[in-house]
Amino acid sequence: MLRNRLIDGVRRIKPILCGGQSLRSLSNGATSKLTTIEVDDRSGIATLSMNLPPVNTLTMELMHDLIDSINQIESNKSRGLILTSSNDKVFSAGLDLKEMLNPEVERLRLFWTRFQDLWLALHLCGLPTAAAINGHSPAAGCVLATACEYRVMLPNLFIGIHATRFSFVISKWMMNSYQSVLPRRIVERALNQGKLFATQEALDVGLVDEIACSKDEALSKCAAFIATFDKTNPVARCLTKRMCREPDVRELLQDRAADLKECVDYVTTPLFQEGLCAHLEGLKKRK
Amino acid sequence: MLRNRLIDGVRRIKPILCGGQSLRSLSNGATSKLTTIEVDDRSGIATLSMNLPPVNTLTMELMHDLIDSINQIESNKSRGLILTSSNDKVFSAGLDLKEMLNPEVERLRLFWTRFQDLWLALHLCGLPTAAAINGHSPAAGCVLATACEYRVMLPNLFIGIHATRFSFVISKWMMNSYQSVLPRRIVERALNQGKLFATQEALDVGLVDEIACSKDEALSKCAAFIATFDKTNPVARCLTKRMCREPDVRELLQDRAADLKECVDYVTTPLFQEGLCAHLEGLKKRK
Amino acid sequence: MLRNRLIDGVRRIKPILCGGQSLRSLSNGATSKLTTIEVDDRSGIATLSMNLPPVNTLTMELMHDLIDSINQIESNKSRGLILTSSNDKVFSAGLDLKEMLNPEVERLRLFWTRFQDLWLALHLCGLPTAAAINGHSPAAGCVLATACEYRVMLPNLFIGIHATRFSFVISKWMMNSYQSVLPRRIVERALNQGKLFATQEALDVGLVDEIACSKDEALSKCAAFIATFDKTNPVARCLTKRMCREPDVRELLQDRAADLKECVDYVTTPLFQEGLCAHLEGLKKRK
């Protein structure tokens, strides 16, 4: 039988990934509540669960706790990291769009920097990473999944970056994340259409690697993927992974301010504000 | 029943895409005769037909009219653009090779600039674009097709960039256009071989997306593709498309003169002139 | 019946590809013994065989003779080049790892420069190239195979870059060589895992193009591939191939010293030396 233990490590934020003051101030010794980490004593694999009801919206706080947890797991030298959700209906509903509606610019800058930090932390994580996608995974939920090295998904769900449906234009690094997994032709079309792939479609194009019938099976398949690295040297593996992913992050790392400015400039246009408003109205009506 | 109407809009050439004086002087209020535009009133989709017998050779004039028509359709805010041919045997036979035989350099420069303009106009067109390939589509005919976002082709035709068979070396941006659709390995091999894909082969590798039994069916399938964007914001869609395609055009936009010089330098070599001569002799004999 | 003839051409090393003094001094008119070249008089295709028992380890000398032979074949204007092994169990076992164990730095620099030279000579070879992979092809053996334009492999063999299993971190240009053949997602995963693909798996992902039942059949299939270029102009073909491959080699050609320094710096770390030591011990035990 497996014995799990909760890591109580000290919060550690990599300076290079830290977007600014607010990240540090939020981490004043507080205990993370929006994510949980379970480490399997036998396998050494850490399972990181998003735990913000109802739909794991990526709020400022959930992103903070995710970054923090990724760094904890990395510094504890776990054998691998599995990202999943406590919620069996939604993996993550994506970014907190309310932060983009009539935003105060300074707050928006912090919010977007946080999202950059989160993607960088996961995309460049030195450990083997896998996503057990046990619920819908639209927009930034999909971006998180593609930042992992392997994806296992449950049936009858959807996944994809549907930004154009709510008037949003994603950043290049989000496109790079998609393109690290899917062929160029599929990426352009899916982004333009704002396509959400059903589980089977996602498998067919390669957006997910396997389908599992239950969350437990998804976790097992992710663990089996992480075990494929057993014969490799962890440092050589980590350096090789970063060499492969360096072209995806180069532009962002060289000029994070430019990406931030582009985002703020676009989000504050009337075009986007109107489009977002209409989208949020539509979501309300569906409830 | 569908009602079609002919656009009689004013010619509008985007300054950034304009290659020089000659383009403007050619458009002195003349009516385009080598292309026709039909807009479906119900769907709002514009069908742009190449109409230069016998084989839609991309002459200076046809390219002018195509650029002009693309710009008209874009400025009329049509819902999408379908590129096709009035000719049921040939979509387009490619560039007018006679312009490359013992060329006068200034004329060659205008000719190649026109082709750059045409590709940029179609590749960066803000509207959803699709090609109904109702005839053979070799060389620059294939480049036009790959500049669209979707391709539907009739059976028993061929498509591909067979430049190495007539001693030509294509520009990088033409390679980029191919590579935006096909995997890297397929692109290199096909370009080196000067491969012409039969319809079914083209479908198998992803060079075309669907096969249709008739031109009408091809047009319907293109219209269905354009309808997949109905739930998206048109501006966000356009910006997303351009973000995806920006790496393809970057080098050309940054230094159009360099591409032009490379082309002129190569076309005027004895090697190419002899190769082209032999090729044109071969074509004559086949008739 | 085919008549073969042995080329006795003068050694010719392209200056641009020459890594330094040692390459020239080694070629003081000596006859190559570690490689053989057979040219089929009828087809004009040259077969280049690696012939260093027991496993075609890429030693300083074998790499020298390979570069030399590639240059000979190119300057003799053969119709194509087929790379194979005299040894029916191993195509090439990869780099001579003993050169990396407690290396003398100057020697290591020469060794790595030689390997850069070899890859450049094969990757940019103006002739059509194909690999008849008649034995296992791990690590640098796989890199040589991917530098060719076509790969035919015998059953029940393995091929792949398994560097992370012996603590090595490959150079970017080796990754580029892999990525010129395989999709991005497959490349990253395979490199991180140090994956060796069985013949059938290699076919499934596209790492090899065909399976042959015997070495003769493999050679025939390679010759058939080379024949697909018969209708092309050889100069236009060569320039087109180099345009396609230019992005793969750009960084290396612009700064070969940087790649050399990275390699020397990493190879001389205790981490790598310990990993390599353990790997070599493991290989001894298996014998």
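Before going into details, it helps to say that this report is about the structure given with it. Just so we're clear, the structure is a prediction, and the values are computed from it rather than from any experiment.

**Here's the deal with the environment of Leu95(B)**
Point 1. Assignment of secondary structure puts Leu95(B) in strand β6 (residues 94-95).
Point 2. The residues touching Leu95(B), leaving out its near neighbours within four places in the chain, are Thr57(B), Leu58(B), Met63(B), Met100(B), Phe111(B), Trp112(B), Phe115(B) and Ala140(B).

**Here's the deal with helix α6 (residues 184-193) of chain B**
Point 1. Of all the ten residues making up α6(B), eight are buried; the element is thus mostly covered by neighbouring parts of the structure.
Point 2. Regarding α6(B), the residues found buried are Arg184(B), Val187(B), Glu188(B), Arg189(B), Ala190(B), Leu191(B), Asn192(B) and Gln193(B).
Point 3. Packed against the buried residues of α6(B) are α5 (172-179) and β11 (197-198) of chain B together with β9 (151-153), α5 (172-179), α8 (215-227) and α9 (234-254) of chain C.
Point 4. Once α6(B) ends, the next one or two residues include Gly194(B), with phi positive near 65 degrees.

**Describing the pairing of strand β7 (residues 129-133) of chain C**
Residue and element names in this part refer to chain C.
Point 1. The buried fraction of β7 amounts to five of the five residues, a majority that puts the element mostly inside the structure.
Point 2. Residue alternation in β7 divides its side chains into two sets, Thr129, Ala131 and Ile133 and Ala130 and Ala132, and both sets are buried.
Point 3. Sheet analysis places strand β5 (residues 80-85) next to β7, joined by three bridges and oriented parallel. From the neighbouring strand, Ile82 faces β7, where its bridge partner is Ala130.
Point 4. Direction of pairing for β7 relative to β9: parallel, over a ladder of three bridges. Paired with Ile133 across the strands is Met153, a residue of β9.

**Considering the relation of the copies chain B and chain C**
Point 1. Superposing chain B onto chain C takes a rotation of 120 degrees plus a shift of 0.0 Å along the axis, which leaves an RMSD of 0.0 Å. A rotation of that kind, with that shift, is consistent with a three-fold axis. Among all residues of chain B, the minimum C-alpha distance to the rotation axis is found for Pro183(B), at 4.4 Å.

**Some thoughts on the pairing of strand β2 (residues 35-40) of chain A**
All names here are of chain A.
Point 1. For β2 and strand β3 (residues 45-50), the ladder comprises five bridges, and the chain directions are antiparallel. Among the inter-strand pairings, Ile37 is bridged to a residue of β3, identified as Leu48.
Point 2. The turn linking β2 back onto β3 is made up of four residues, and Gly44 within it adopts a positive phi angle of 75 degrees.

What counts and how
Residues numbered from 1 in each chain as written. Chains lettered and ligands numbered in written order. Predicted model: local features only at pLDDT ≥ 70, side-chain atom pairs only at ≥ 80, totals over all residues. Heavy atoms only, no water. Helix = DSSP H or I, 4+ residues; strand = E, 2+ residues; numbered from the N terminus. Contact = heavy atoms within 4.5 Å. Buried < 20%, exposed > 50% of the residue type's maximum accessible area, 1.4 Å probe, protein only. Pairing = 2+ DSSP bridges. Least-squares fit on C-alpha atoms with pLDDT ≥ 70 in both.

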